[in-house]
Structures are given as C-alpha cells and as structure tokens.
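# Descriptive structure summary
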Amino acid sequence: MSKNGDEEKVKHILTGPKLSAVKTMLEKDHAIDCMFLLHMGRGKWKEAKDFMRSNELTLSDGTFRSRMIEIEQLGLAKSVRIDPLKKYYVITDLGEKVANLLLGFFDEIDV
C-alpha cells in the first residue's frame, strides 16, 4: 500500500463520523474490556464483575454502564430490559466483528 493510500485511510478513520466514533470509544477506559466481555456473553453487570474479579482486574459499575451505553449507541451491542431499572447487553454482528478483529490484533502482537 502506498503512503498516500495509507494517509487517506488514516484521514478517513480520524474524520469520518462512523469510524472516528468507534476509534474514540475504543480509546476510553475499559472499552476493549467491555467488548471482550460482550464477546464472552458477559453483558450483565454481575457476570462482568465476577469475571473481572476472578482475574484480579477492576471495573467499576459506572464505567461498565458508560461503556455499554456508548457501545450500544455505535450499534456494537443491544440492550435487553430485565426490569424497569436493569438491563443487560448482547453483542451484535458488527460488535462480534469488532471483537474478533481486536482478538486477532492481540494475537498478532503476542509474539
């Protein structure tokens, strides 16, 4: 790929409404954690908290909810109501694609 072609791709990612929104979300605290939690079917707070604690990792309730709302707004997950106050999140096809790309990215650099 030419440098000019790469420059155009980068410009598109940084300025395009859809891709720049995904990039901005992925830059935030625990966004990748939340994508992986969705990928593993742990889109409910209790399941997410239990997984993170079992691996000696931290994730606050507020951060989880904020990231999930952003992820849902981008179409990477959808929420399902449990009751009037609670909901859980399920990954969408697009979200699954993003999660798989992230897994592949980390596989590539884990050498």
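Each value, and the rule that gives it
Residues numbered from 1 in each chain as written. Predicted model: local features only at pLDDT ≥ 70, side-chain atom pairs only at ≥ 80, totals over all residues. Heavy atoms only, no water. Core = buried A, V, L, I, M, F, W, Y, C linked by side-chain atoms within 4.5 Å. Buried < 20%, exposed > 50% of the residue type's maximum accessible area, 1.4 Å probe, protein only. Helix = DSSP H or I, 4+ residues; strand = E, 2+ residues; numbered from the N terminus. Contact = heavy atoms within 4.5 Å. pLDDT = per-residue confidence, 0-100. Salt bridge = Lys/Arg side-chain N within 4 Å of Asp/Glu carboxyl O.

### A short note on the nonpolar core
Met35, Leu38, Phe64, Met68 and Ile71 are the most contacted members of the largest nonpolar core, which has 20 residues in total. Residue assignment for this core shows that the elements contributing at least two residues are α3 (31-39), α4 (45-54), α5 (61-73), β2 (87-91) and α6 (93-109). Among the elements that make up this core, the one with the highest residue count is α3 (five residues). Contact partners of Met35, with chain neighbours within four places excluded, come to Met25, Leu26, Ile71, Leu76, Ile91, Gly95, Val98, Ala99 and Leu102.

### With respect to the confidence of the model for the chain
Put simply, the chain has an average pLDDT of 94, and 98% of its residues get 70 or more. By mean pLDDT, the top-scoring element of the chain is α3 (98), and the lowest-scoring one is helix α1 (residues 3-15) (90).

### Focus: the pattern of salt bridges
Per the counting criterion, the structure on display carries five salt bridges. Its salt-bridge partner being Glu70, residue Lys28 comes within 2.3 Å of it at the nearest N-O pair. In this pair, Lys28 is assigned in the loop between α2 (17-27) and α3 and Glu70 in helix α5, connecting sequence segments 42 residues apart. Given the relative accessible area of 16%, Glu70 is considered buried. A salt bridge links Lys46 to Asp50, with the shortest nitrogen-to-oxygen separation between them at 2.8 Å. Residue Lys46 and its partner Asp50 are located together in helix α4, separated by four residues, close to a single helical turn.

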